[in-house]
Amino acid sequence: MINSEIELIGLIGNPVKHSKSPLMHNSMFDKLHLKYQYLAFNVCRNDLEKAINGIKALNMKGANITIPHKVDVMKYLDEISDEAIQIGAVNTIVNRDGKLVGYNTDGEGYIRSLVEETNIDLEGKNVMILGAGGAARAIGYTLSKLNIDSIIITNRSIEKAKNLKGILERYISTKTVEIDDINKYIDNVDIIINTTSIGLYPNVDQSLIDKEWIKPNHLVSDIIYNPLVTKLLADASEKGARTHNGLGMFVYQGAIAFEKWTGIFPDIEFMRNTVIDSFRSN
Ligand code: ATR
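The following paragraphs examine the structure supplied in this document. Since the structure is predicted, the reported quantities are computational estimates derived from the model, not experimental observations.

What about the pairing of strand β11 (residues 219–222)?
Now for step 1: Residues Leu219 and Ser221 of β11 are buried on one face, and the alternating residues Val220 and Asp222, pointing to the opposite face, are buried as well.
Now for step 2: Sheet topology places strand β10 (residues 191–194) next to β11; four bridges connect them, and they run parallel. Residue Ile191 lies in a different strand from β11, and its bridge partner there is Leu219.
Now for step 3: Sheet topology places β11 next to strand β12 (residues 242–244); three bridges connect them, and they run parallel.

Laid out in C-alpha cells, this is it:
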C-alpha cells in the first residue's frame, strides 16, 4: 500500500515496461529502509505536459524521464541545470518544494562508470565517439569539461555530428569524420565509445568498427548493456583491447539521480547486482 508518508518517484517514458529502473531503485530503497517508491508510467507525447504537472499535483518527489521525452520535457520544468541545458535533454527531475528542477545524469554517470571500472586516467586522451544522438551529447559534453586532449565524432548523419561539434569545440578540440573514414583516424585515438544502437539486441551481430582496426592499446566502450558483451566488445577483447560495457552507465546515472532525490549516494554494487540478477532470471 502507498500511504502519505511515502515519497513517490516516477519513470515517465514510452515504452517503460522492460525498464530495470523500478527494480533497481525499489530494491535500494528497501535495503536502506527508505520510505520511497519508484513507479513506471507509460506516457504518450500528448499527455506529457499533464504527466509532468502531475508530479506537482501529486506531490511526488521526482522522476526519471526516458525515451522519447528527454527533450520535450524541458519546456514543462521550472528550472534546468546548466549541464542539462547544454546537453539539450533532461533525464532526472527533482521536486523542490513545488518547483520542478531538471538534470541530466547520463554524462556524469557514464564517466564515473568508465573511470571506476577501468581505472583509466583520462588526462591527455583522444576519444572517438560513434553517434551524435542524446547519449553522445551527454557523454561528449561531460568529457569536454575534463582534461582530455581531443574528441572525434562520427555519425551516420554527419549534420548531427557537426551540430555536436559546435557545442563541444567551445571546450575541447573537436572534429567530425564520416563513418566511412573511421579507419583513417582510429589508430590515433585512445578510447572508442559506441553510443549508437548498433549491436543492441536483437541485432547482436552488428558493429560499426571492423575488428581489424582495433588495437591492444585501445579502450573500447559500448553504452549498450543488452547484451552485456556486444559484437564490438567481443571483437575488442579478441584483439587484446580493454573493454567497458554499458551497465555501469545505467547504474550510475540512476545512482546520481537517487542521491538527488534522497540525499544518499547508494550502493553501486548492490544496484548493479540487482540488475544482473534480473537478467539471469529472465
Ligand atoms: P540516444 O538517446 O540513445 O543517443 P538517439 O538520440 O536516437 O538515441 O541516437 C541514436 C544514435 O544511433 C544516432 O547517432 C543514430 O545515427 P543518426 O543520427 O544518423 O540517426 C545512431 N544510429 C541508429 N541506428 C543506426 C544505424 N542503423 N546505422 C548507423 N547509426 C545508427
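And the narrative resumes.
Quick look at empty space enclosed by the protein
Now for step 1: Under the criterion given, the structure shown has one cavity of 30 Å³ or more.
Now for step 2: Volume-wise, the largest cavity comes out at about 40 Å³.
Now for step 3: Leu130, Asn194, Ile198, Gln206, Ser207, Leu208, Ile209, Asp222 and Leu232 are the residues that line the largest cavity.
Now for step 4: For the lining of the largest cavity, a count of residues per class yields five nonpolar, three polar and one charged.

A look at the site of the ligand
Now for step 1: In the vicinity of the ligand, the contacting residues are Gly131, Ala132, Gly133, Gly134, Ala135, Asn155, Arg156, Ser157, Lys160, Thr196, Ser197 and Ile198.
Now for step 2: Between an oxygen atom of the ligand and a side-chain N or O atom of Arg156, the distance comes to 2.8 Å.
Now for step 3: Lys160 places a side-chain nitrogen or oxygen 2.8 Å from an oxygen atom of the ligand.
Now for step 4: Within the complex, 67% of the 640 Å² of free accessible area of the ligand lies under protein.
Now for step 5: Its residues assigned to classes, the shell around the ligand shows three nonpolar, seven polar and two charged.

Remarks on the side chain of Thr196
Now for step 1: By secondary structure assignment, the location of Thr196 is in the loop between β10 and β11.
Now for step 2: Thr196 gets classed as buried once you look at its relative accessible area, which sits at 16%.
Now for step 3: Within the structure, Thr196 has its side chain in polar contact with the side chain of Asn194 (distance 2.8 Å).
Now for step 4: Here the side chain of Thr196 touches Ile198 through a polar contact of 3.1 Å, landing on its backbone nitrogen.

Some words on unusual backbone geometry
Now for step 1: In this structure, the amide linkage connecting Asn14 to the following residue, Pro15, adopts the cis form with an omega of 10 degrees.
Now for step 2: A cis geometry characterises the amide bond from Tyr201 onward to Pro202, with omega recorded as 5 degrees.
Now for step 3: Notably, Asp97 is not glycine yet its phi reads approximately 50 degrees, a positive angle.
Now for step 4: Assignment of secondary structure puts Asp97 in the loop between β5 (92–96) and β6 (99–103).
Now for step 5: The class for Asp97 is exposed, based on a relative accessible area of 83%.

Description of the environment of Ala63
Now for step 1: Within the element layout of this structure, Ala63 appears in strand β3 (residues 62–65).
Now for step 2: Exposure remark for Ala63: the relative accessible area of 0% places this residue in the buried category.
Now for step 3: Along the sequence, Ala63 and Asn91 sit 28 residues apart, while their C-alpha atoms lie 8.1 Å from each other.
Now for step 4: Ala63 has contacts with Ile9, Gly10, Ile12, Ile55, Asn91, Thr92, Ile93 and Trp261, leaving out every residue within four places of it along the chain.

Quick notes on the packing of helix α4 (residues 106–118) against helix α9 (residues 247–262)
Now for step 1: Contact geometry for α4 and α9: axes closest at 7 Å, N-to-C directions at 125 degrees. By the criterion of interaxial angle, the relationship of α4 to α9 is oblique. Judged by the twist between their axes, the crossing of α4 over α9 is right-handed. Between α4, through Asp106, Glu108, Gly109, Tyr110, Arg112, Ser113, Glu116 and Glu117, and α9, the contact on the second element is made entirely by Gly248, Met249, Tyr252, Gln253 and Ile256.
Now for step 2: For the contact of α4 with α9, the per-class residue count stands at four nonpolar, four polar and five charged.

Focus on the environment of Ile148
Now for step 1: Residue placement: Ile148 occurs in the loop between α5 (134–144) and β8 (150–154).
Now for step 2: Its relative accessible area of 7% is what places Ile148 among the buried residues.
Now for step 3: Linking Ile148 and Trp213, residues 65 residues apart in sequence, is a C-alpha distance of 22 Å.
Now for step 4: In this structure, Ile148 is in contact with Leu122, Gly124, Lys125, Val127, Leu143 and Ile172, ignoring residues within four places of it in sequence.

Here is what the cut-offs are and how they apply
Sequence order as written defines the numbering, with residues in each chain counted from 1. Two thresholds apply to this predicted model, a pLDDT of at least 70 for residue-level local features and 80 or more for giving and counting side-chain atom pairs, whereas whole-chain, interface and lining totals are computed over all residues. Neither water nor hydrogens contribute to the side-chain values; these are computed over all heavy atoms in the structure. For the exposure calls, accessible area comes from a 1.4 Å probe over protein chains only, and a residue counts as buried if that area is under 20% of its type's maximum, exposed if over 50%, partly exposed in between. Helix and strand assignments come from DSSP, with helices taken as H or I runs of at least 4 residues and strands as E runs of at least 2, each series counted from the N terminus. Two strands are counted as paired when DSSP detects at least two bridges linking them. As defined here, a cavity is a set of points on a 1 Å grid over the protein atoms alone where a 1.4 Å probe fits but cannot get out. A pocket is an open set with protein on both sides within 12 Å along at least five of seven lines, and residues line them when an atom is within 4 Å of a point. Grid points are joined across faces, edges and corners, and a volume is the space filled by probe spheres set on the points. Asp, Glu, Lys and Arg are counted as charged, while Ala, Val, Leu, Ile, Met, Phe, Trp, Tyr, Cys and Pro are counted as nonpolar; the rest, among them Gly, fall into the polar class. Throughout this document, a residue counts as near a molecule or strand when at least one of its heavy atoms sits within 4 Å of that molecule or strand. Any N or O atom pair separated by 3.5 Å or less is treated as a polar contact, with the protein-specific requirement of one donor-capable and one acceptor-capable atom, and with residues adjacent in sequence counted only for side-chain atom pairs. Residue exposure ignores everything except the shown protein chains as possible cover, and the areas themselves are Shrake-Rupley values with a 1.4 Å probe. Contacts are residue-level and defined by heavy atoms, with any inter-residue pair within 4.5 Å sufficient. The axes used here are C-alpha line fits, helices contributing only the stretch in contact, and every angle between their N-to-C directions lies in the interval 0 to 180 degrees. Oblique is the label for every angle not falling under 35 degrees (roughly parallel), over 145 degrees (roughly antiparallel), or within 65 to 115 degrees (roughly perpendicular). Crossings are sorted by hand: turned counterclockwise from the far helix by less than a right angle, the near helix makes the crossing left-handed, and turned clockwise it makes it right-handed.

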